[in-house]
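# Descriptive structure summary
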Amino acid sequence: MIELSDVHKSFGKVEVLKGITASVQKGEVVCIIGPSGSGKSTILRCINGLESYDRGEISVEGLKVDRDAPSIVDIRTQVSMVFQRFNLFPHRTALENVVEGPLYVKRESRAHALERGRALLAQVGLAEKADAHPPQLSGGQQQRVAIARALAMQPKAILFDEPTSALDPELVGDVLGVMRKLADDGMTMVVVTHEMGFARDVADRVLFIDGGVIVEQGPAKALLNQPQHPRTQDFLRRVLHPL
Amino acid sequence: MKGFWRDAVEFFPILMNGVALTIVVTIGSLLLSTVLGLVWAMMRVSGIKALSMLSASLINVIRGIPIIVLLFYLYFVMPDLGVTLSALQAAILGLGIAYSAYQAENFRAGIEAIDKGQIEAAQSIGMGWWLTMRRVVLPQAVRIVLPPYGNVMIMMLKDSSQASTITVAELALQGKLIASSTFKNTSVFTLVALMYLTMSIPLILLVRHFEKRAGKR
């Protein structure tokens with residue numbers, strides 16, 4: 001449902017994506033791994049038009065992604081995003097964060113949106129935090145609210161941009177647990193992550209990106225257990241055994 | 001001192017007429033400058049080059065002209081162009097326009113202080129520019145903008161005295177009229193100063209309240 005073909009993107013003189021071709025099928029969980037600065041996050045940000053791209057084409061369900069076209073709103077309501085730094089709206093409660101999109105973008109009825117919003121907060125284990133403001137929540141709780149906010153749009157896919165990188169280590173598990181449940185329920189997910197355990201256990205496929213190109217891709221377990229390319233081997237060795 | 005109190009009792013009612021006009025001019029021009037300032041600021045951050053350049057040059061033109069000259073222009077020159085304004089109208093319009101430039105820069109700073117991640121989060125749930133402004137950026141910017149906004153209110157209260165130059169009989173002009181007909185300069189202008197101060201103090205307290213609240217989060 002998400003297709004990228006020969007996508008190029010430069011920031012000024014620095015080319016961060018040098019021809020990315022990939023696709024994500026419906027119901028698939030794809031993890032993108034690679035060193036920082038390799039262009040992982042940029043790929044996600046291009047898919048929902050937060051970033052423009054210079055060459056090639058990205059399409060979602062056959063609809064071309066063009067951040068300057070009105071159709072970008074359709075794409076963004078179909079492909080939600082979860083950010084590294086949560087980006088919850090601090091002036092609104094957890095529940096208000098979740099129902100913001102349904103109420104003001106999709107114009108659902110208030111009663112319906114609130115009911116579903118509460119159900120979503122319960123789904124991520126935060127039913128009792130509905131009226132809390134984001135600054136009163138831990139990082140892990142904030143990220144789970146952000147996932148509920150993404151789900152509230154009833155998206156066909158969710159993009160996760162390093163969703164656990166800003167969390168204290170003991171809070172990572174809660175967030176990954178919620179994501180694993182989503183994957184089990186058949187949600188299409190593209191996850192940029194450094195959590196190799198999650199990638200191995202939950203992802204269908206893993207893309208290893210370095211220097212703006214896909215160096216290696218394949219079934220998660222195969223790629224992570226027996227990487228073929230020396231750069232993948234080197235990266236995984238350093239991530240898995242930092243000492 | 002005794003003489004001052006006797007004068008105060010005598011002049012107070014007349015000066016209160018001036019106070020009423022001072023308040024009308026201040027509130028009128030405050031509202032106008034707020035609305036105009038918001039419009040300029042929105043144009044500045046719209047991302048549309050023509051609009052933002054137009055707004056930037058408007059702000060610079062307004063900033064570059066002294067308030068008093070703006071007032072003279074509106075009151076004395078506009079009739080030549082076929083637009084006759086009452087002194088009060090010209091005062092509110094002039095002060096409102098003059099201060100809209102400062103309001104605009106204040107609002108813009110508040111808007112630009114909002115974390116970019118907030119805007120991206122809004123976009124990622126399908127919000128357009130206006131919805132993002134209305135639901136996400138402006139409610140957060142208000143908190144940042146309020147303390148300097150309070151300071152502008154105080155400055156506008158005091159600068160409303162410039163309306164006296166185009167015959168608006170607000171507090172400063174009332175004082176001057178009484179002083180020049182009674183020669184009791186000391187009593188009259190002390191009284192006038194105290195009355196401005198009395199009006200400023202609630203505003204100063206309000207700014208302090210805003211600052212405390214802004215510092216909380």
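Residues numbered from 1 in each chain as written. Chains lettered and ligands numbered in written order. Predicted model: local features only at pLDDT ≥ 70, side-chain atom pairs only at ≥ 80, totals over all residues. Heavy atoms only, no water.

### Structural notes on the overall build of chain A
When you go through chain A residue by residue, the secondary structure sums to nine helices and ten strands. For the C-alpha atoms alone, the extent of chain A along its principal axes is close to 55 × 45 × 30 Å. Put simply, chain A has 243 residues, and 56% of those count as buried. Counting only contacts in chain A whose residues sit at least 6 apart along the sequence, the fraction spanning at least 24 positions is 64%. When the accessible surface of chain A is split by element, carbon and sulfur atoms take 47% of a total near 10,500 Å². Computed over 29 positive and 30 negative side-chain charges, the inter-centroid distance for chain A is 2 Å. (Helix = DSSP H or I, 4+ residues; strand = E, 2+ residues; numbered from the N terminus. Buried < 20%, exposed > 50% of the residue type's maximum accessible area, 1.4 Å probe, protein only. Contact = heavy atoms within 4.5 Å. Areas by Shrake-Rupley, 256 points an atom, 1.4 Å probe, with all protein chains shown as cover. Lys, Arg positive; Asp, Glu negative; His and termini not counted. Charge placed at Lys NZ, Arg CZ, Asp CG, Glu CD.)

### Some points on the pattern of salt bridges
Applying the stated criterion to the full structure yields 16 salt bridges over all chains. Residue aspartate 174 of chain A pairs with arginine 144 of chain A through a salt bridge whose shortest N-O separation is 3.8 Å. Taken together, the residues span a long stretch of sequence, with aspartate 174 of chain A in helix 6 (residues 169–184) and arginine 144 of chain A in helix 5 (residues 139–152) at a distance of 30 residues. Classification of aspartate 174 of chain A as partly exposed rests on a relative accessible area of 38%. Since its relative accessible area comes to 10%, arginine 144 of chain A is described here as buried. A salt bridge links aspartate 7 of chain B to lysine 184 of chain B, with the nearest nitrogen and oxygen atoms 3.2 Å apart. One end of the pair, aspartate 7 of chain B, is in helix 1 (residues 2–45); the other, lysine 184 of chain B, is in the loop between helix 7 (171–182) and helix 8 (185–216), and 177 residues separate them in sequence. In this structure, a network of salt bridges that share partners links the residues Arg44, Glu105, Arg108 and Glu112 of chain B. (Salt bridge = Lys/Arg side-chain N within 4 Å of Asp/Glu carboxyl O.)

### With respect to empty space enclosed by the protein
Residues and elements named next belong to chain A. With the rule as written, the count across this model stands at two cavities of 30 Å³ or more. Empty space within the largest cavity amounts to approximately 60 Å³. Lining the largest cavity are Leu4, Ile20, Ala22, Val24, Val30, Ile32, Ile43, Ile47, Val190 and Leu207. The set of elements that each furnish at least two residues to the lining of the largest cavity consists of strand 2 (14–24), strand 3 (29–33) and helix 1 (40–47). Grouping the amino acids of the lining of the largest cavity by side-chain chemistry returns ten nonpolar, no polar and no charged. Breaking the lining of the second largest cavity down by element, the ones donating at least two residues are strand 6 (79–82) and helix 5. Top element by residues in the lining of the second largest cavity is helix 5. It accounts for three residues. Partitioning the lining of the second largest cavity into residue classes produces four nonpolar, two polar and one charged. (1 Å grid on protein atoms, 1.4 Å probe; cavity = no way out; pocket = protein on both sides within 12 Å on 5 of 7 lines; lining within 4 Å. Points joined across faces, edges and corners; volume = space filled by probe spheres on them. Nonpolar A, V, L, I, M, F, W, Y, C, P; charged D, E, K, R; others polar.)

### Some thoughts on the environment of alanine 98 of chain B
With respect to the element layout, alanine 98 of chain B can be found in helix 4 (residues 87–112). Residues alanine 98 of chain B and glycine 64 of chain B, spaced 34 residues apart in sequence, show a C-alpha to C-alpha distance of 9.5 Å.

### Focus: unusual backbone geometry
Residues and elements named next belong to chain A. Non-glycine residue arginine 107 carries a positive phi angle of around 55°. Inspection of the secondary structure assignment puts arginine 107 in the loop between helix 3 (94–104) and helix 4 (110–123). Here glutamine 154, not a glycine, exhibits a phi torsion of approximately 50°, which is positive. Within the secondary structure, glutamine 154 is located in the loop between helix 5 and strand 7 (157–161). Glutamine 154 gets classed as partly exposed once you look at its relative accessible area, which sits at 49%.

### Observations regarding the confidence of the model for chain B
Here chain B shows a mean pLDDT of 92. Residues at 70 or above account for 98%. Overall fold confidence (pTM) sits at 0.84, and the ipTM for the predicted complex is 0.91. (pLDDT = per-residue confidence, 0-100.)

### Considering helix 3 (residues 67–77) of chain B
All names here are of chain B. Of the positions making up helix 3, those classed as buried are Ile67, Leu70, Leu71 and Leu74. For helix 3, the buried positions fall inside an angular range of 100° around the axis, keeping them on one side. On its buried side, helix 3 packs onto helix 4 and helix 6 (129–159). (Arc of directions from axis to C-beta.)

### So, the nonpolar core
The biggest cluster of nonpolar side chains holds 52 residues, and the ones touching the most others in it are Ile33, Leu121, Ile147, Phe160, Met179, Met189 and Val206 of chain A. Sequence-distant contacts of methionine 189 of chain A, defined by excluding residues within four places in its chain, comprise Glu28, Val29, Val30, Ile158, Phe160, Met179, Leu182 and Ala183 of chain A. In this structure, Phe4, Tyr149, Leu171 and Phe210 of chain B belong to the second largest nonpolar core, which totals 43 residues. (Core = buried A, V, L, I, M, F, W, Y, C linked by side-chain atoms within 4.5 Å.)

### Quick word on a nonpolar patch on the surface
On the surface, Leu194, Leu197, Ile201, Ile204 and Leu205 of chain B cluster together into a nonpolar patch covering about 440 Å² of accessible area. Of note, isoleucine 201 of chain B is situated in helix 8. (Patch = residues over 30% accessible without salt bridge, like charges linked within 9 Å, V, L, I, M, F, W, Y side chains within 5 Å.)

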